[in-house]
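Each chain, letter by letter, is given below.
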Amino acid sequence: MLLDHILKPRAVAVVGASTRPHTIGNDLLKRLLEYGFKGHVYPVNPKGGEIEGLRAYTSVSELPDGVDLAVIVVNAKFVLSTVDECAARGIKGLVVISAGFKETGGEGRELEEALAAKVRANGMRMVGPNCLGVVNTNPNVRLDACFAESLPVAGDIGFVSQSGALGGGILNILKDLNVGFAQFISIGNQADVNAETALEYWENDPDVKQILLYMESIPDPANFRKLATRISKKKPIVALKAGRSAAGASAASSHTGSLAGGDRAADALLKQSGVIREMSLKDLFSTAKVFANCPIPKGDRVAIVTNSGGPGIMATDAVCEFGMQMAPISDETKAELRSFLPAAASVKNPVDMIASAPLEHYRRTVETVLADPNVDMVMVIYLPFLGLKDIDVAGELMRIRADHPEKPIVGVFMTKSEFFQQLSEMKVTVPFYMYSEEAAEAFCRLNQQRLWQARPEGVVPQRPMDEDRALSIFKAAAAEGRRELTTRESLEVLDACGVRTCRSGMAHSEAEAVELAARVGYPIVMKMTSKSTSHKTDVGGVRVGIADEAQLRTEYQDLLAKLEAKGLLEGLEGVIIQEMVKSKRELVTGIATDPQMGPMIMFGLGGVFVEVLKDVAFRIAPLTDIDAQELIRSVKAVKLLEGARGMIPAQMDKVEDTLLRISQLADQHRFVKELDINPLMVSDKDGEPIAVDARIAIDVDAVKAL
């Protein structure tokens, strides 16, 4: 099954095993033996003899039958021939520790491509090359084919690391935190096995209850999204994604493109896949700790039990700032608490037992609060007072946890660092933090997973579009070698896609402009459309609030004069006469293309300040209907759409429809590289979203190839 030959082998061969101490070939062999691998271990060294008390075979071809996994630690130039020997011997699993492949440049890349092709041709699976190894702590396997510093501690985490050294460091720190793992894969150059392979393998593995990822790249974003979206519904996936997208360095000419820099694409992909993203190792460890020791809560109502008022208030602030609720303690619970707590104690939430609280009060208070049906999670705060020992309180919390496993409990112990050192030597079943903000964020992660699991799956709807009309516009522009469509062409494409655009027409002369304005109806907006100038406002090419024919003629003549003065008159295609949409709310939406993740959809507050205020968010195309709803609600500007300060609420279903239509355009026509609808105005009259201005950029060669 998928990776069984690698992670659940019956026998392991260490190819490149060595008698020399402190070499990888020697250390790996020792680790396999010290950790107590349940199968057979066979060293392979051309010199033969004996290594670590085991017979050393001079070649892979000499090995006995039944070897599932070969751990290869030979020089890179011998790896391909070693793989040939493994294939001939029927070995299906490979872990290539050896470096010297694509990380070294051109020749190494060619060598790695040949290696991957050989693995595929022989129906094998390979971890690496240039990796740290693999681990499986299951007591029936006990495989430690890894040269990390410390022996692994069993737990329930499946951990994938693209960086070998960092992966080893993370394993060491997890051990110090008393957080164990079930399986570990250092994927290295991920020539075959990658994070997606591990996700799929662990999807239904009962040993793995949560998945941690350290990633520097996502080779196949579409497949990652499909797998992670499905698997994260079953178990938490927590990722530390390092590196930055090349999109930030692209010469994007649109607002959408220029705002899509950095790793917005990776962030959007992880959000849409239900992956909890952490930005630091500290946060990764904090989240791993809470998932390892707490169930997923039934709701977001938090109760705080403390022996000091100040930290209780700070914890309350943190809970609210992370978007959760303070649990409303029931009258029955309050009465029970009053029956044993001193008169000076507070039985509201946070429950303040006061500094003199003995161990018995911790036990009774926490159990009473846990029993309240209004409480979903409990944070317990301890400050050292009157000789009560921190380790004794921690032990009491773990006993309560054993009796009440159905609700999450976390401890905040504002005490000496020696306490946390003591915990590292114990079997810990409750996550302990030094600060309430850490504990609140940990609860937030539990709640995030709860909300994701309850979130509808969503569908990618297919809207009817006039494909032929849109394609004819794209092909006409490409035939002229133009990367950017004119304003008129861009609005026509949107109209063909079913996006509501304002009533308009094209005029090539002053007389035509006057005639068209009479049909559209005053007041109107006049916009120049040019094959050489895309940012119209920079040259005075947008005239708004034109009330009558006389003003129109004056504005038209002034526009031509200014363009002639700037030497831009020759590129003028004409002017667009549009209905003037009265709106106090300007939005922006569009398409930006990330070189790795593909097309992204942007939405946010629009107008001339879009790149200043940057109240925008992104999602990867194609959007599901749920993605579209969440994209709209992820920006601060959503409050304007909901009808703030007496404004007519926006027609949210039509805003969502607009996003879904441009998502469909982006997904079906990858040659559309950039698109801006700015502004997308929300009509003051009825809340309808109307595309007033648009710009589209295309890949000319891709269109010509159609």
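Worth saying up front: this structure is predicted, and the values here are computed from it rather than measured.

Novice: Hey, could you run me through the side chain of Arg225 in this one?
Specialist: Inspection of the secondary structure assignment puts Arg225 in helix α7 (residues 221-231). Within polar-contact distance, the side chain of Arg225 engages the side chain of Asp627 at 3.1 Å. Leave out the neighbours within four places in its chain, and Arg225 touches Leu269, Gln272, Ser273, Ile620, Ala621, Pro622, Thr624 and Asp627.

Novice: Is there a simple way to think about the packing of aromatic side chains in this case?
Specialist: The geometry of an aromatic ring pair is captured by the separation of the ring centres together with the interplanar angle, meaning the angle of the planes. Tallied over the full model, the rule gives ten aromatic pairs. When the centroid spacing of 6.3 Å and the interplanar angle of 70 degrees are considered together, the rings of Phe181 and Phe184 count as edge-to-face. Across this residue pair, the class does not change: Phe181 and Phe184 are buried. Considering the side-chain rings of Phe413 and Phe419, the 4.9 Å spacing of their centres and the 10 degrees angle between planes classify their relative orientation as stacked. With relative accessibility at 0%, the residue Phe413 sits in the buried group.

Novice: Is there a simple way to think about the nonpolar core in this case?
Specialist: Nonpolar side chains in soluble globular proteins tend to end up buried together. Val95, Val134, Leu143, Ile185, Trp202, Leu213 and Phe224 are the most contacted members of the largest nonpolar core, which has 60 residues in total. Taken domain by domain, the makeup of this core includes at least three residues from each of domain 1 (3-291) and domain 4 (585-705). Look past the residues within four positions of Leu143 in its chain and what remains in contact with it is Ile6, Leu7, Pro9, Val12, Leu32, Tyr35, Phe37, Leu69, Val134, Val135 and Asn136. Leu494, Leu659, Leu660 and Ile677 belong to the second largest nonpolar core, which has 49 residues in total.

Novice: Is there a simple way to explain helix α13 (residues 359-371) in this structure?
Specialist: Helical geometry note: an α-helix holds 3.6 residues per turn, so side chains three or four residues apart project in the same direction. End to end, α13 covers 19 Å across 13 residues, agreeing with the expected 18 Å (1.5 Å per residue, within 8%). The set of residues buried in α13 consists of His361, Tyr362, Thr365, Val366, Thr368, Val369 and Leu370. At its buried positions, α13 is contacted by β15 (301-306), α12 (331-338), β17 (351-352), β18 (377-382), α14 (390-403) and β19 (409-413).

Novice: Could you clarify how one ought to interpret the sheet that holds strand β2 (residues 40-44) in this entry?
Specialist: Sheets are built from strands that pair by backbone hydrogen bonding, the pairs being arranged parallel or antiparallel. With respect to topology, five strands assemble into an open sheet ordered β2-β1-β5-β6-β7, the strand pairing being parallel. Two strands in the sheet have a free side with no partner beyond their single neighbour: β2 and β7 (125-127). Strand-to-strand, the axes of this sheet are offset by a mean angle of 20 degrees, without reference to chain direction. Contacting β1 (11-15), β5 (69-72) and β6 (93-96), helix α3 (residues 79-88) runs over the sheet at an angle of about 165 degrees to β5.

Novice: Explanation requested: the sheet that holds strand β22 (residues 524-530) in the structure shown.
Specialist: Taken in spatial order, the four strands make up an open sheet running β21-β24-β22-β23, and their pairing is antiparallel. Edge positions in the sheet fall to β21 (504-507) and β23 (542-546), since each of these pairs with one other strand and no more. On average, each strand axis in the sheet is inclined to that of its neighbour by 20 degrees, with strand direction left out of account. Lying on the sheet, helix α18 (residues 487-496) is in contact with β21, β22 and β24 (572-579); it crosses β24 at an angle near 50 degrees. Lying on the sheet, helix α19 (residues 510-520) is in contact with β21, β22 and β24; it crosses β24 at an angle near 20 degrees.

Novice: Sorry if this is basic, but what is going on with helix α24 (residues 652-668) here?
Specialist: Given a rise of 1.5 Å per residue, 17 residues ought to cover 24 Å, and the 24 Å separating the end C-alpha atoms of α24 matches this to within 8%. Across the 17 residues that make up α24, a large majority, 13, are buried.

Novice: What is the right way to look at the pattern of salt bridges in this model?
Specialist: Side chains bearing opposite charge may pair, as long as their charged atoms lie close to each other. Within this structure, the stated rule accounts for 48 salt bridges. In this structure, Glu573 and Arg488 form a salt bridge, with 3.0 Å as the shortest nitrogen-oxygen distance. Taken together, the positions of Glu573 in strand β24 and Arg488 in helix α18 put the pair 85 residues apart, joining distant regions of the chain. Given a relative accessible area of 22%, Arg488 falls into the partly exposed group. Each of the salt bridges in this network shares a partner with another, and the network as a whole consists of Arg483, Glu484, Glu674, Asp676 and Arg695.

Novice: How should I be thinking about the pairing of strand β30 (residues 694-698) in this particular structure?
Specialist: Each regular strand carries side chains that alternate between the two faces of the sheet. In terms of residue burial, β30 counts as a mostly covered element, since five of its five residues are buried. What you see with β30 is no split at all: Ala694, Ile696 and Ile698 on one side and Arg695 and Ala697 on the other are buried throughout.

Novice: Looking at this structure, I do not really get the domain arrangement of the protein chain. What am I missing?
Specialist: Size of an interface: often given as the accessible area lost when the parts come together. Each assigned domain of the protein chain is listed with its residue range as follows: domain 1 (3-291), domain 2 (295-454), domain 3 (503-580) and domain 4 (585-705). Contacts between the two partners involve 22 residues from domain 1 and, on the opposite side, 20 residues from domain 2. Carbon and sulfur atoms make up 51% of the area that domain 1 and domain 2 hide from each other, which totals about 1,500 Å². Interface area lost by domain 1 to domain 2 is led by Asn178, Lys233 and Val290, which between them contribute 35%. The interface formed by domain 1 and domain 2 holds two salt bridges in total. Between Arg445 and Glu278 there is a salt bridge; the shortest N-O distance is 2.7 Å.

Novice: Any chance you could explain the side chain of Asp615 here in plain terms?
Specialist: Of note, Asp615 is situated in the loop between α21 (610-613) and β27 (616-620). Lys636 provides the closest opposite charge to the buried, unpaired Asp615, separated from it by 6.1 Å. In terms of polar contacts, Asp615 uses its side chain to reach the backbone amide nitrogen of Lys636, at 3.1 Å. There is a polar contact of 2.9 Å between the side chain of Asp615 and the backbone nitrogen of Ala637. Beyond its immediate chain neighbours, meaning those up to four positions away, Asp615 contacts Phe603, Gly604, Leu605, Val635, Lys636 and Ala637.

Novice: Help me out: how do you make sense of the pairing of strand β25 (residues 585-594) in this one?
Specialist: For β25, a buried count of eight out of ten residues is recorded, marking the element as mostly surrounded by other parts of the structure. The pairing of β25 with strand β28 (residues 672-682) spans seven bridges and is antiparallel. Across the sheet, residue Ala592 finds its bridge partner in β28, namely Glu674. Summarising the sheet, β25 and strand β26 (residues 598-605) pair through eight bridges and their orientation is antiparallel. Along β26, the bridge assignment pairs Thr589 with Phe603. In this structure, the hairpin formed by β25 and β26 is closed by a connection of three residues.

Novice: What am I meant to see in unusual backbone geometry here?
Specialist: Backbone phi values are negative for most residues with the exception of glycine, while trans is the configuration of most peptide bonds. For the peptide bond that leads from Tyr522 to Pro523, omega is 0 degrees, which places it in the cis range. Looking at where Pro523 falls in the secondary structure, it is placed in the loop between α19 and β22. Residue Pro622 is bonded to the preceding Ala621 through a cis peptide linkage, with omega at 5 degrees. Assignment of secondary structure puts Pro622 in the loop between β27 and α22 (625-633). One non-glycine residue, Glu52, lies in positive phi territory at about 50 degrees. As for its position among the elements, Glu52 is in the loop between β3 (50-51) and β4 (54-55). Residue classification places Glu52 among the partly exposed positions, given a relative accessible area of 40%. Positive phi, close to 60 degrees, is recorded for Asn130, a residue that is not glycine. Mapped onto the elements, Asn130 comes out in the loop between β7 and β8 (133-136). Assessed through its relative accessible area of 26%, Asn130 is described here as partly exposed.

Reading the values: rules and limits
- Residues numbered from 1 in each chain as written.
- Predicted model: local features only at pLDDT ≥ 70, side-chain atom pairs only at ≥ 80, totals over all residues.
- Heavy atoms only, no water.
- Helix = DSSP H or I, 4+ residues; strand = E, 2+ residues; numbered from the N terminus.
- Polar contact = N/O pair within 3.5 Å; in protein donor to acceptor, adjacent residues only side chain to side chain.
- Contact = heavy atoms within 4.5 Å.
- Phe/Tyr/Trp six-rings, centres within 6.5 Å; stacked < 30°, edge-to-face > 60°.
- Buried < 20%, exposed > 50% of the residue type's maximum accessible area, 1.4 Å probe, protein only.
- Core = buried A, V, L, I, M, F, W, Y, C linked by side-chain atoms within 4.5 Å.
- Domains from an automatic or database assignment.
- Expected span 1.5 Å × (residues − 1).
- Pairing = 2+ DSSP bridges.
- Axes fitted to C-alpha atoms, helices over the stretch in contact; angles between N-to-C directions.
- Salt bridge = Lys/Arg side-chain N within 4 Å of Asp/Glu carboxyl O.
- Buried area = accessible area lost by both parts, 1.4 Å probe.
- Lys, Arg positive; Asp, Glu negative; His and termini not counted.

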